[in-house]
Amino acid sequence: GAVVSQHPSRVICKSGTSVKIECRSLDFQATTMFWYRQFPKQSLMLMATSNEGSKATYEQGVEKDKFLINHASLTLSTLTVTSAHPEDSSFYICSAPTPLNTGELFFGEGSRLTVL
Amino acid sequence: DAKTTQPNSMESNEEEPVHLPCNHSTISGTDYIHWYRQLPSQGPEYVIHGLTSNVNNRMASLAIAEDRKSSTLILHRATLRDAAVYYCIRSPYNTDKLIFGTGTRLQVFP
């Protein structure tokens, strides 16, 4: 079964609204989580590192006021796309490192956002 | 900058071995080599990783060149469910942050 779960898996919203995507680690704690976005037929692009108890670290070119990240607890990180526009339509994926220190990352199932 | 080079696509027949190459000629001594795969409309899935020695697990084998400038992911018997995009990623030992390149799209034919 999934060890990192995202919700919702699909969301459709109107332009100008905000959308929140949740990423939960199941049965383990994650002080760090990562958020990626993926456009059709492209690779994953790292957006930011979500840090429990502190501010997220954003990759160059990613607007922190546009993509709000909150690491609310040791098992939950949320990504809020504010004032979404059609160009924000994408597949958003989160990941968390395994606590077993094996070098493996668990990825969520992804959340497909469509902005009309 | 993903700093790895992979062929855009490869093909295989079912039950045949598949060798997926990856070049990482600028790899540093403490960079690990990770392989993930992504099935359509899903998040990536861990396959294998290694540092210097060849590695085997239930999914695949990882053969790392002696100079570490290249590696090969080996699927011993491809199945239709192995059709996916395979990403080779190099990452420093002290980070969980992975930068994905373009990957290799593997097609498996019955």
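As a reminder, the structure under discussion sits directly above these lines.
All values derive from a computational prediction rather than experimental measurement.

S.K.: Help me out: how do you make sense of the overall build of chain B in this one?
M.R.: Counting its secondary structure elements, chain B contains 0 helices and 9 strands. The order of α-helices and β-strands along chain B, N terminus first, is β-β-β-β-β-β-β-β-β. For chain B, the C-alpha radius of gyration of 13 Å lies close to 13 Å, the compact-globule estimate for 110 residues. Relative to its 110 residues, chain B shows a buried fraction of 45%. Across chain B, contacts joining residues at least 24 apart in sequence account for 56% of those joining residues at least 6 apart. Accessible area for chain B stands at about 5800 Å²; split by element, carbon and sulfur atoms hold 46% of it. Considering chain B, the positive charge centre built from 10 side chains and the negative charge centre built from 11 side chains are found 6 Å apart.

S.K.: Sorry if this is basic, but what is going on with the state of the cysteines here?
M.R.: All names here are of chain A. Considering all chains together, one arrives at 2 disulfides over all chains under this definition. Sulfur-sulfur distance for the disulfide between C23 and C94 comes to 2.0 Å. Looking along the S-S bond of the C23-C94 disulfide, the torsion reads about 80 degrees, which is the right-handed sense. Pair noted here: C23 is in strand 3 (residues 19-25) and C94 is in strand 9 (residues 90-97), with a separation of 71 residues, a long-range link. Overall, C23 belongs to the buried group, its relative accessible area being 0%.

S.K.: Explain the pairing of strand 3 (residues 31-38) of chain B to me, please; I cannot follow it from the model alone.
M.R.: Strand residues, when the strand is regular, have side chains that alternate between the two faces of the sheet. Residue and element names in this part refer to chain B. Across the 8 residues of strand 3, 7 count as buried, placing the element largely inside the fold. Inspection of the sheet shows strand 3 paired to strand 8 (residues 84-92) by 8 bridges, in the antiparallel sense. Looking across to strand 8, one finds that R37 is bridged to Y86. As paired strands, strand 3 and strand 4 (residues 45-50) are joined by 5 bridges and run antiparallel to one another. Pairing of W35 across the sheet is with I48, part of strand 4. The antiparallel pairing of strand 3 with strand 4 creates a hairpin that spans 6 residues between the two strands, and S41 there sits at a positive phi of about 60 degrees.

S.K.: How do you make sense of the sheet that holds strand 9 (residues 104-109) of chain B when you look at a structure like this?
M.R.: Two pairing modes exist for strands in a sheet, parallel and antiparallel, and in both the strands are linked by backbone hydrogen bonds. All names here are of chain B. Strand order in the open sheet formed by 5 strands is 1-9-8-3-4, and the pairing between neighbours is mixed. Looking at which strands have only one partner, the edges of the open sheet turn out to be strand 1 (9-13) and strand 4. The sheet shows a mean angle of 25 degrees between the axes of neighbouring strands, direction not considered.

About the cut-offs
Residues numbered from 1 in each chain as written. Chains lettered and ligands numbered in written order. Predicted model: local features only at pLDDT ≥ 70, side-chain atom pairs only at ≥ 80, totals over all residues. Heavy atoms only, no water. Helix = DSSP H or I, 4+ residues; strand = E, 2+ residues; numbered from the N terminus. Rg over C-alpha atoms; globule rule 2.2 N^0.38 Å. Buried < 20%, exposed > 50% of the residue type's maximum accessible area, 1.4 Å probe, protein only. Contact = heavy atoms within 4.5 Å. Areas by Shrake-Rupley, 256 points an atom, 1.4 Å probe, with all protein chains shown as cover. Lys, Arg positive; Asp, Glu negative; His and termini not counted. Charge placed at Lys NZ, Arg CZ, Asp CG, Glu CD. Disulfide = S-S within 2.5 Å. Pairing = 2+ DSSP bridges. Axes fitted to C-alpha atoms, helices over the stretch in contact; angles between N-to-C directions.

Everything listed here is a matter of coordinates, which is why it stays silent on function.
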